[in-house]
Amino acid sequence: MRRISAVLASACVALALTGAASSTTFGVADDAGKYADDGGAGFFTMLTQLGMTENRMAVFWDPSQPDTIVDQAFLDRAVPQAQKRGIDVMFAIYPLKARALVDTPNGIQLFAQYAARVAERYPYVRKMICLNEGNQPRFHQPQFDDAGNGISGVVQEQAMAACYDALKAVDPGIDVIAFGLSPRGNDDFEAPSNVSHSPIRFLKEVGDAYRASGRAKPIADDLSVHCYPNVNTDAPSVGYVWPKVGCVNLDRFKQAWWDAFHGTAQPLFREAGDTSAGPFVRIFVDEVGYQARIAPDKTSLYSGAENVPLVDETTQGTYYAQLVALMACDPDVALLNFFHAVDETNLAAWQSGVVLPDGTRRASFAAVKDAILANQECHGTQAEWRHADHVVGARAIFGTLPRSFVVRADEGFSYEVRITRPSSTRRLTGAAGDGEAARDVLFKLPRLRHGRPYRVEITLRAETNPARATTFSRMFSG
């Protein structure tokens with residue numbers, strides 16, 4: 001048996017006028033207003049000029065000062081300024097240090113208590129993201145134990161449960177949003193760098209931990225994800241191969257959430273055709289951005305060296321407009337936040353804004369403004385999602401029987417192959433193992449007695465939920 005790499009065709013978004021009302025709001029994940037000398041008055045005014053209504057601010061938890069609200073003075077100034085201008089502030093609350101939850105005595109409870117303290121001080125802020133990119137080592141360590149077993153999902157599930165309970169005790173109406181997941185991860189505890197989890201496998205860990213805990217209430221009202229491109233120059237339609245997730249792969253998040261939590265007290269995503277009252281979770285696309293080139297006459301505003309391939313301002317605006325249109329057509333997406341509105345001045349950081357540090361507007365500013373105005377309704381094909389009860393994209397190719405055959409799927413899977421005689425259930429030969437998403441698995445059959453009939457039966461099971469199975473069978477002559 002050998003594996004043959006296959007080319008994954010990039011996804012595309014078909015356009016067709018539908019006019020369905022959109023429930024998606026638009027904003028930025030940016031602390032520029034929080035730190036501005038005017039308390040953010042100019043920054044929040046600029047957001048309203050873009051047609052945006054949201055600003056996510058980071059609120060850090062410092063385990064060395066567990067009861068002190070980091071940046072409290074800045075938040076005290078900025079939140080009222082946003083409120084005056086109709087900007088809805090949401091907080092992303094997460095530890096400053098990657099090992100804070102595991103190395104701090106009673107760290108999970110202290111973190112949850114801190115989240116409650118923040119909520120009490122800022123009653124205007126009713127949307128709280130607990131944690132940030134816990135599937136990445138920059139924000140959570142360790143990712144795996146010494147034996148290579150994933151453990152970050154277990155700790156993050158415990159932290160989400162504690163954060164949910166603490167925030168709901170302050171106000172049951174607070175929208176508790178989970179995780180802020182990174183779109184990528186290598187799932188390799190022996191990797192030379194960036195030992196991390198892909199988001200889909202991370203969610204399986206979370207779901208397994210939730211079920212093992214016996215918890216009988218939710219850990220989240222909604223789910224936060226970041227869907228940056230794999231390479232800065234990739235269009236939004238390119239996406240990722242499973243188990244990573246791009247902006248055009250949000251169905252994977254929905255399926256992974258269903259696999260993790262169906263049959264539990266944790267709400268799921270609304271499925272197409274479901275008109276019940278719910279509750280249902282939604283996706284907050286909390287961060288996405290494209291870094292743009294700096295015009296020669298503006299290079300003095302920046303320092304350092306760039307570290308990614310860049311797009312020009314027009315392309316940045318085109319991609320942002322595509323994202324606005326895409327999210328407006330997904331009824332499960334509550335929010336699209338761009339990261340940032342204003343460029344960071346260090347070139348090793350993020351130059352993804354529609355505004356330069358000196359206030360100059362990029363060409364993308366007008367493109368985003370026009371896109372938000374034009375997409376108050378869905379003008380494309382509205383996304384319709386239903387959970388799968390089979391292996392997604394499973395297929396078998398029997399064209400070379402009796403010598404060989406090929407199977408593949410669009411997600412990770414296990415397989416069991418049985419070769420039998422039609423008149424008997426006794427297995428003559430077979431195989432079992434695991435397959436990777438979007439890669440062919442080639443099975444070479446042993447020489448069988450010529451002229452006799454045989455049956456090949458292959459059962460594939462989804463990696464994240466073995467109850468989802470697909471079976472193929474074929475009769476052939478040896």
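One structure accompanies this document, and this report is about it. (Residues numbered from 1 in each chain as written. Predicted model: local features only at pLDDT ≥ 70, side-chain atom pairs only at ≥ 80, totals over all residues. Heavy atoms only, no water.)

### A closer look at the overall build of the chain
Thought 1: Counting secondary structure elements, the chain contains ten helices and 18 strands.
Thought 2: At 25 Å, the chain has a C-alpha radius of gyration in line with the 23 Å of a compact globule built from 478 residues.
Thought 3: Referenced to the eigenvectors of the C-alpha coordinate spread, the extents of the chain come out at roughly 85 × 50 × 50 Å.
Thought 4: Burial status across the chain gives 52% buried among its 478 residues.
Thought 5: Nonlocal contacts in the chain, meaning residues at least 24 apart in sequence, comprise 74% of its contacts between residues at least 6 apart.
Thought 6: Surface accessibility of the chain: about 20300 Å² in total, with carbon and sulfur atoms responsible for 50%.
Thought 7: Charge separation in the chain, taken as the distance between the mean sites of 48 positive and 54 negative side-chain charges, equals 10 Å. (Helix = DSSP H or I, 4+ residues; strand = E, 2+ residues; numbered from the N terminus. Rg over C-alpha atoms; globule rule 2.2 N^0.38 Å. Buried < 20%, exposed > 50% of the residue type's maximum accessible area, 1.4 Å probe, protein only. Contact = heavy atoms within 4.5 Å. Areas by Shrake-Rupley, 256 points an atom, 1.4 Å probe, with all protein chains shown as cover. Lys, Arg positive; Asp, Glu negative; His and termini not counted. Charge placed at Lys NZ, Arg CZ, Asp CG, Glu CD.)

### Quick word on the sheet that holds strand 17 (residues 453-462)
Thought 1: Pairing is antiparallel in the open sheet, where four strands are placed in the order 15-14-17-18. Every other strand in the sheet has two partners, leaving strand 15 (427-435) and strand 18 (465-477) as the edge strands with one partner each. In this sheet, neighbouring strand axes are inclined to one another by 15 degrees on average, regardless of whether the strands run parallel or antiparallel. (Pairing = 2+ DSSP bridges. Axes fitted to C-alpha atoms, helices over the stretch in contact; angles between N-to-C directions.)

### Notes on the nonpolar core
Thought 1: Ranked by size, the top nonpolar core spans 98 residues in total, and within it Leu47, Phe91, Phe179 and Phe338 carry the most contacts.
Thought 2: Among all residues touching Phe91, those that are not within four sequence positions of it are Met57, Val59, Leu75, Val79, Val118, Tyr122, Val125, Lys127, Met128 and Ile129. (Core = buried A, V, L, I, M, F, W, Y, C linked by side-chain atoms within 4.5 Å.)

### Thoughts on the side chain of Thr470
Thought 1: Turning to its location among the elements, Thr470 is positioned in strand 18.
Thought 2: Within the local environment of Thr470, its side chain forms a polar contact with the backbone nitrogen of Val391, the two atoms lying 3.0 Å apart.
Thought 3: The contact partners of Thr470, leaving out residues within four places of it in the chain, are His390, Val391, Ala394, Ile458, Thr459 and Leu460. (Polar contact = N/O pair within 3.5 Å; in protein donor to acceptor, adjacent residues only side chain to side chain.)

### Here's the deal with the state of the cysteines
Thought 1: One pass over the full model with this rule turns up three disulfides.
Thought 2: Each sulfur in the disulfide pair Cys130 and Cys163 lies 2.1 Å from the other. Measuring the twist about the S-S bond at about -70 degrees, one finds the Cys130-Cys163 disulfide to be left-handed. Residue Cys130 is located in strand 6 (residues 127-130), and its partner Cys163 is located in helix 6 (residues 152-170); the two are separated by 33 residues in the primary sequence.
Thought 3: For Cys130, a relative accessible area of 0% corresponds to the buried category. (Disulfide = S-S within 2.5 Å.)

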